[in-house]
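Each chain, written out:
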Amino acid sequence: MEDYTLVLNAGSSSLKFCFFRRLDEKNWEVAARGQIEGIGTVPQFSVRDAQGAVLVKSNLTATVTDGQSAIEALASWLRSKWAGARVSGVGHRVVHGGVQYDRPVLLTKQILQQLHELVPLAPLHQPHNLAAIEAVFNRLPDVPQVACFDTAFHSGHSQVANLVPLPSNLCKSGLRRYGFHGLSYEYIASVLPEICPDIAKGRVIVAHLGNGASLCALKDGKSIDSSLGFTALDGLCMGTRPGALDPGVVLYLFQSLGLAAKEVETILYKQSGLLGISGISNDMRDLLSRSEPEACLAVDYFVYRAVKEIGALTAVLGGIDGLVFTAGIGENSPEIRKRICVASSWLGLELDAQANASGGPRISTQQSKISAWVVPTNEELMIARHTWLLLGLMQPVS
Ligand code: AMP
C-alpha cells in the first residue's frame, strides 16, 4: 500500500492542502495540491497535480460552511481519488506556538487544548488552524498529526529583540515578541545556499509580502529579528492589518470613541491596512490597477512602511548583503519590488529592470553592492519536511 502525507493550512475562509506520495526511503513527491476557497460564502474547490495540470475546479455545495465541513469535503475527494491509500501523517500550519512550542510537535488532545489558550494572540488564524486539527482527530483518530508553528523559526532571537518594554511583572505571562511567517522564512533560508550561495551565510532581509506581510533579518540562515511581534499586527502594512501603530491610537479607540474590545479587534485584524486606507480592496493586484487617490495612497503607504522597516532591520544586522522577495506580492508584483528597491538604493541596491520584469531570480545588476532576489516560498513543503522528520518517515540530512 502506498504511503501519503497530508499538509493542511487552514484559514478563516480557505483550506489549502498538499498531498504527498512516498517514493522511497528518502523521497516524496507531490500527488496533488489545492484549496477550498470561499468557505461560508461560495465554496470553490480547485486541485492541481505536481505539474500544474488541473485535476478539479468546481463549486462545492453551500453545506461547506466551516472548517470542519471543508475537511469533510476534502476527505471524501481524497478517498474517491486514492481509495485505500494509507495516510501516515497529517502536518498542520499553526500560527502561534507561544513560549512553549519552539519546534514542531506531535499533537495530542492535551496539546491541542494548550494551543487554544493562544487564540487571543492570533484570533485571525489560530482558531481555524486548531479546528482543522480537531476535525482530523474526529475523522482519522489513528493518524499522527504534527503541528508546525509560524513562531518557531524565530525562537532564537535575543532577549533584547524579544522584549516588550512594559512592567516586567506583566511580561511574565508570555508578553514578548515572537515573530511570524516562520515556516516561510525557514523554507527560504533552506534554499538560499542553492539559489544564492553568495549571500546564504551573510546578512539577508527576507520580505514576505502577501496578504499578511513581514520582514525577517537572517544572519547565516538564522532569524535575528522580525517586523512582527507579540501578535501578527506589528510592522508592515498588510491587507487588512495596519502594521506598526502608536499604542495611543488603541487607547483613543477605547476611551474617546468608546469602542468595545471586539470592535477594536475587528478594526485591527479585518478593516485596516490596504483595505482601510483605500476603502476599496485588500488585494494588491486590484489596487495597482486603480487610479483613485485612496488606492494610490494605500500602495504608497505599503511601500513606505516596507522601506522604513528594511532600514531598521539593516541597522539590526549591521549592514545587508541581500534582499529577498517572497509570497503573493513579493513573487508576483514587479511594480512593488521596483518601488521598494528604488527607494532602498541608498543601501547600494541597483535594480536590473529587465530581470525584475521577468521575475528573477536575481533582480539586481551585477554591479549592485547588495543583491536582490525573488524566491518563491513553499510553506507546505516545510510543514511536510517537519512532519516526515518527526514521524520518522525521512532521515535527517546530515
Ligand atoms: P498571499 O497572501 O501570499 O497569497 O498573497 C496575496 C496577495 O498577493 C494579494 O494582495 C494579491 O493581490 C497579491 N498578488 C498576487 N498576484 C499579484 C500580482 N501579479 N501583482 C500584484 N499583487 C499580486
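What counts and how
- Residues numbered from 1 in each chain as written.
- Predicted model: local features only at pLDDT ≥ 70, side-chain atom pairs only at ≥ 80, totals over all residues.
- Heavy atoms only, no water.
- Buried < 20%, exposed > 50% of the residue type's maximum accessible area, 1.4 Å probe, protein only.
- Helix = DSSP H or I, 4+ residues; strand = E, 2+ residues; numbered from the N terminus.
- Pairing = 2+ DSSP bridges.
- Expected span 1.5 Å × (residues − 1).
- Contact = heavy atoms within 4.5 Å.
- Core = buried A, V, L, I, M, F, W, Y, C linked by side-chain atoms within 4.5 Å.
- Phe/Tyr/Trp six-rings, centres within 6.5 Å; stacked < 30°, edge-to-face > 60°.
- Lys NZ or Arg CZ within 6 Å of the ring centre and 35° of its normal.
- Polar contact = N/O pair within 3.5 Å; in protein donor to acceptor, adjacent residues only side chain to side chain.
- Axes fitted to C-alpha atoms, helices over the stretch in contact; angles between N-to-C directions.

**Quick look at the pairing of strand β6 (residues 86-94)**
- With 7 of its 9 residues buried, β6 lies for the most part within the structure.
- In this sheet, β6 lies alongside strand β1 (residues 3-10) in parallel orientation, the contact comprising 6 bridges. Bridged to D3 within β6 is R86.

**What to know about helix α3 (residues 126-139)**
- The end-to-end C-alpha distance of α3, which contains 14 residues, comes to 20 Å, matching closely the 20 Å that a straight helix rising 1.5 Å per residue would cover.
- Those residues of α3 not exposed but buried are Q126, N129, L130, A132, I133, A135, V136 and F137.
- Structurally, α3 contributes buried residues whose contacts are with β1, α1 (67-81), β6, α2 (109-116) and β8 (145-149).

**Notes on the nonpolar core**
- In terms of nonpolar packing, the biggest core is built from 41 residues, with I205, L209, F302, F325, I336 and I340 touching the most fellow members.
- Secondary structure elements with two or more residues in this core: β9 (203-209), β10 (213-219), α11 (284-288), α12 (293-317), β12 (322-326), α14 (334-343) and β13 (371-374).
- In contact with F325, other than residues within four places in its own chain, are A207, L209, G330, R337, I340, C341, I363, W373, V374 and V375.
- By size, the runner-up hydrophobic cluster in this structure holds 31 residues, among which are C18, Y187, I188 and C216.

**Re the sheet that holds strand β4 (residues 44-48)**
- Reading across from one edge, β5-β4-β3-β2-β1-β6-β8-β7 is the order of the 8 strands in this open sheet, with mixed pairing throughout. Each edge of the sheet is formed by a strand with only one pairing partner; in this case those strands are β5 (54-59) and β7 (105-106).
- Relative to strand β3 (residues 28-37), strand β2 (residues 15-22) is paired through 8 bridges, and the arrangement is antiparallel. Residue pairing in the sheet places F17 in a bridge with G34 of β3.

**Observations regarding the packing of aromatic side chains**
- A complete count under the given rule lists 11 aromatic pairs for this structure.
- Plain terms: the ring middles of Y101 and F149 are 5.5 Å apart, the flat faces sit at 20° to each other, and that makes the pair stacked. With Y101 in the loop between β6 and β7 and F149 in strand β8, this pair connects stretches of sequence that are 48 residues apart.
- On the basis of relative accessibility, which here comes to 10%, the residue Y101 falls in the buried class.
- Chaining the aromatic ring pairs together yields one cluster made of Y4, F17, F19, F45, W77 and W82.
- We note K81 situated over the ring of W82; from NZ or CZ to the ring centre the distance is 5.6 Å.

**Comments concerning unusual backbone geometry**
- With an omega dihedral of 20°, the bond running from G360 to P361 counts as a cis peptide bond.
- Summarising the element assignment, P361 is placed in the loop between α15 (353-358) and β13.
- Phi is positive for D220, close to 50°, though the residue is something other than glycine.
- Tracing the backbone through its elements, the reader meets D220 in the loop between β10 and β11 (222-226).
- Given the relative accessible area of 37%, D220 is considered partly exposed.

**Here we look at the environment of S333**
- With respect to the helices and strands, S333 occurs in the loop between α13 (327-332) and α14.
- Residue S333 is classed as buried on the basis of its relative accessible area of 9%.
- Spatially, the C-alpha atoms of S333 and Q100 are 37 Å apart, while their sequence positions differ by 233 residues.

**Some words on the side chain of S368**
- Within the secondary structure, S368 sits in the loop between α15 and β13.
- At a separation of 2.9 Å, a polar atom in the side chain of S368 contacts the main-chain amide nitrogen of E350.
- Within the structure, S368 has its side chain in polar contact with the backbone oxygen of I370 (distance 2.5 Å).
- Sequence-distant contacts of S368, that is, excluding residues within four places in its chain, are made with G348, L349 and E350.

**Quick notes on the sheet that holds β10**
- Strand order in the open sheet formed by 5 strands is β11-β10-β9-β12-β13, and the pairing between neighbours is mixed. Looking along the sheet, the strands with just one partner apiece sit at the ends: β11 and β13. Taken over all neighbouring pairs, the strand axes of this sheet differ in orientation by 25° on average, direction set aside.
- Examined bridge by bridge, β9 and β10 share 7 bridges and lie antiparallel to one another.

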